[in-house]
Amino acid sequence: MTDKKIAVDCGCGAGADIQYLLDNDFFVHAFDIEKSAIDRCRQRFADIPQVDLSQSSFINFEYPPCQLVVADASLFFCPPEAFAAVWQKVDDSLQPGGVFCGSFLGPEDTMAREPESEQTFWKTVTVLTEQKVRLLFEEYHVLSFTEHKRSGLTPQGTPHDWHIYAVVAQKG
């Protein structure tokens, strides 16, 4: 491992995690498929050389060797047919001792329902059972594994069942 701490923020959105990572002395490679998210981050982090932003998908992003991958509420938007290849890229980029911090969509989440459902917000999402999530981390030391199940309303007032597996794990 190098002295420089390098993180990858998958699906960076408005850049909240980027700011946290910068505050903790990371060089951050961040990407989002949405142009508006990258434009917002480019404005927010203009003239900060420790941030490398790119508009990219999970599939096309070139994952650099890193000590930390953050994929909170993002990886489940990876197309299911590409998930295995994307996960391999994420795993390959993490250096020994590196940490993955992210979440996975469980089968009881509203977004996991059939695409024809009126409650589906995204046409295709990657849905994993607890067993499948745990299999991803067979070669890791799992520091935290939490299943979140909750029903409520979205900010728009729509009923939603949340089912998320949140994982923090260190690569062996």
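See the structure above.
Here is a short report on the structure shown in this document.

We now examine helix α3 (residues 83-93). The set of residues buried in α3 consists of F83, V86, W87, V90, D91 and S93. For α3, the arc enclosing every buried residue in end-on projection is 165°, short of the 170-degree limit, so these residues lie on one face. On its buried face, α3 sits against β4 (66-71), β5 (94-105), α4 (130-136), β6 (140-153) and β7 (159-171).

Right, let's get into the pairing of β6. Across 13 bridges, β6 lies against β7 in antiparallel orientation. From the neighbouring strand, F145 faces β7, where its bridge partner is V167. Counted along the chain from β6 to the antiparallel partner β7, the turn is five residues long, and its residue G157 has a positive phi close to 90°.

This part takes up the pattern of salt bridges. Any two side chains of opposite charge can pair if their charged atoms end up close together. Taken as a whole and assessed by the stated rule, the structure comprises four salt bridges. Residues D39 and K35 are paired through a salt bridge, measuring 2.7 Å at the closest nitrogen-oxygen approach. Of this pair, D39 and K35 both sit in helix α2 (residues 35-44), four residues apart, roughly one helical turn. Residue E108 is joined to K149 by a salt bridge in which the shortest nitrogen-to-oxygen separation is 3.0 Å. Remark: K149 occurs in strand β6 and E108 occurs in the loop between β5 and α4; sequence separation between them is 41 residues.

All right, on to the side chain of D109 then. With respect to the helices, strands and loops of the structure, D109 is situated in the loop between β5 and α4. Within polar-contact distance, the side chain of D109 engages the backbone nitrogen of H163 at 2.9 Å. Discounting residues that sit within four places of it in the chain, D109 has contacts with H160, D161, W162, H163 and I164.

Taken together, the seven strands give an open sheet; going across it, the order is β3-β2-β1-β4-β5-β7-β6, and neighbouring strands pair in mixed fashion. If you trace the sheet from one side to the other, it starts and ends with β3 (51-55) and β6, each paired once. Pairwise comparison of adjacent strand axes, ignoring direction, gives a mean angle of 10° for this sheet. Alignment of strand β1 (residues 5-10) against strand β2 (residues 26-32), held across six bridges, turns out to be parallel. Of the residues in β2, the one forming a bridge with D9 is A30.

Once that is clear, we can look at the layout of surface pockets. Put simply, the largest pocket is a space of about 450 Å³. In this structure, the largest pocket is lined by 22 residues; those nearest its centre are G11, D32, F58, S74 and F77. Listing elements by their share of the lining of the largest pocket, those giving two or more residues are α1 (16-23) and β2. Broken down by class, the residue content of the lining of the largest pocket amounts to 12 nonpolar, five polar and five charged.

Criteria and thresholds
- Residue positions are given per chain, counting from 1 as you read along its sequence in written order.
- Since the coordinates come from a predicted model, pLDDT governs what is reported: local features require at least 70, and pairs of side-chain atoms require 80 or more to be given and counted, while whole-chain, interface and lining totals use all residues.
- Each side-chain value is worked out from all heavy atoms of the structure, with water and hydrogens disregarded.
- When a residue's accessible area, from a 1.4 Å probe over protein chains only, is under 20% of the maximum for its type it is buried; when over 50% it is exposed; and in between it is partly exposed.
- Secondary structure follows DSSP: runs of H or I at least 4 residues long count as helices, runs of E at least 2 residues long count as strands, and numbering of each begins at the N terminus.
- The directions from the helix axis to the C-beta atoms form the arc being described.
- It only takes one pair of heavy atoms within 4.5 Å for two residues to be counted as in contact.
- DSSP-based pairing: two strands are paired if at least 2 bridges between them are found.
- By salt bridge we mean one thing: a side-chain nitrogen of Lys or Arg within 4 Å of a carboxyl oxygen of Asp or Glu.
- Any pair of N or O atoms that falls within 3.5 Å is considered a polar contact. Within protein, one atom must be able to donate a hydrogen and the other to accept it, and sequence-neighbouring residues count only if both atoms are side-chain atoms.
- Axes here refer to lines fitted to C-alpha atoms; in helices the fit is confined to the stretch in contact. Angles between the N-to-C directions go from 0 to 180 degrees.
- Residues are called lining when one of their atoms sits within 4 Å of a cavity or pocket point, these points coming from a 1 Å grid over the protein atoms alone, where a cavity is a set in which a 1.4 Å probe fits but cannot get out and a pocket is an open set with protein on both sides within 12 Å along at least five of seven lines.
- Grid points are joined across faces, edges and corners, and a volume is the space filled by probe spheres set on the points.
- The residue classification treats Ala, Val, Leu, Ile, Met, Phe, Trp, Tyr, Cys and Pro as nonpolar and Asp, Glu, Lys and Arg as charged. All others, Gly included, are polar.

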